[in-house]
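# Survey of secondary and tertiary structure
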Amino acid sequence: ESLPDAVVRRTVAVDLLAAGRCHTLAAAGYDPSRPSVWTLEGLLYYLYEDEVRRLLDTVRSVTAPGSRIAGDLVNAVALTAPEMRPLLAVFEALGSPWRYGCDEPERLLAEYGVDATAAQPGEPGAHFGRWRDPVPRSDRASRPAWRAARVCGRRAASRAFRVPRARSPQRL
């Protein structure tokens, strides 16, 4: 699917868990009444579950139906599997521990109005010729030690939304 010629990509530095986040986005020119694309890659597993849920709630509150959302997650076992300990120790030592894993990313995003599909690296839709490691089986019976998933979805047309007006616009 091609994008319209009028698409503008803007990077906005904003803490999406902080108060005032909607005003900061609006001040940067974000229009929540128009479909947008949200990329949450390399982020969600560094947050606590309540922060992940608040972030997804924020995204839901400021996105129009038809908006696209993409991200990546690991399953809960990835946080405790013995073979993951060396990697997790590196992240911990760097001050960036993994804190959240989700076994059902499609269900998680559905709670926030996103019809999503998950695919593991190496599987169709998440391969792109770069994944060289074996792909763990994804059936529930095999319960691989750990899984990573690329999740892509589209926000459903489920409800009207309201964006608060900024009292004093900010410049970025």
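These lines cover the structure that appears in this document, whether it is placed above or below. All values reported here derive from a predicted model rather than from experimental measurement. (Residues numbered from 1 in each chain as written. Predicted model: local features only at pLDDT ≥ 70, side-chain atom pairs only at ≥ 80, totals over all residues. Heavy atoms only, no water.)

Here the focus is helix 2 (residues 49-61). In this model helix 2 runs 18 Å from its N-terminal to its C-terminal C-alpha over 13 residues, within 8% of the 18 Å that 1.5 Å per residue would give. Listed in full, the buried residues belonging to helix 2 are Glu51, Val52, Leu55, Leu56, Thr58 and Val59. Around the axis of helix 2, the buried residues are gathered within 155° of arc, so they sit on the same side. Buried residues along helix 2 sit in contact with helix 1 (21-27), strand 1 (37-40), strand 2 (68-74) and helix 4 (105-110). (Helix = DSSP H or I, 4+ residues; strand = E, 2+ residues; numbered from the N terminus. Expected span 1.5 Å × (residues − 1). Buried < 20%, exposed > 50% of the residue type's maximum accessible area, 1.4 Å probe, protein only. Arc of directions from axis to C-beta. Contact = heavy atoms within 4.5 Å.)

Two side chains that carry opposite charge are able to pair once their charged atoms sit near each other. Tallied over the full model, the rule gives four salt bridges. The shortest N-O distance in the salt bridge between Arg53 and Glu49 comes to 3.2 Å. Taken together, the positions of Arg53 and Glu49, both in helix 2 and four residues apart, correspond to about one turn of that helix. Since its relative accessible area comes to 25%, Arg53 is described here as partly exposed. A salt bridge links Arg60 to Asp57; the nearest nitrogen and oxygen atoms lie 2.4 Å apart. Residue Arg60 and its partner Asp57 are both found in helix 2; the two are separated by three residues, about one turn of the helix. Classification of Arg60 by relative accessible area gives partly exposed; the value is 24%. Asp57 gets classed as partly exposed once you look at its relative accessible area, which sits at 35%. Three or more residues are tied together by salt bridges with common partners; here these are Glu49, Arg53 and Glu111. (Salt bridge = Lys/Arg side-chain N within 4 Å of Asp/Glu carboxyl O.)

So, about the nonpolar core. Ranked by size, the top nonpolar core spans 23 residues in total, and within it Trp38, Leu44, Val52, Leu55, Leu56, Leu73 and Leu108 carry the most contacts. Of all the secondary-structure elements, those providing two or more residues to this core are helix 1, strand 1, helix 2, strand 2, helix 4, strand 3 (114-119) and strand 4 (148-155). When residues in this core are grouped by element, the largest group, four residues, is from helix 2. Other than its neighbours up to four places away in sequence, Leu55 contacts Leu16, Leu17, Leu40, Leu43, Leu44 and Leu47. In this structure, Tyr45, Val74, Ala81 and Phe91 belong to the second largest nonpolar core, which totals eight residues. (Core = buried A, V, L, I, M, F, W, Y, C linked by side-chain atoms within 4.5 Å.)

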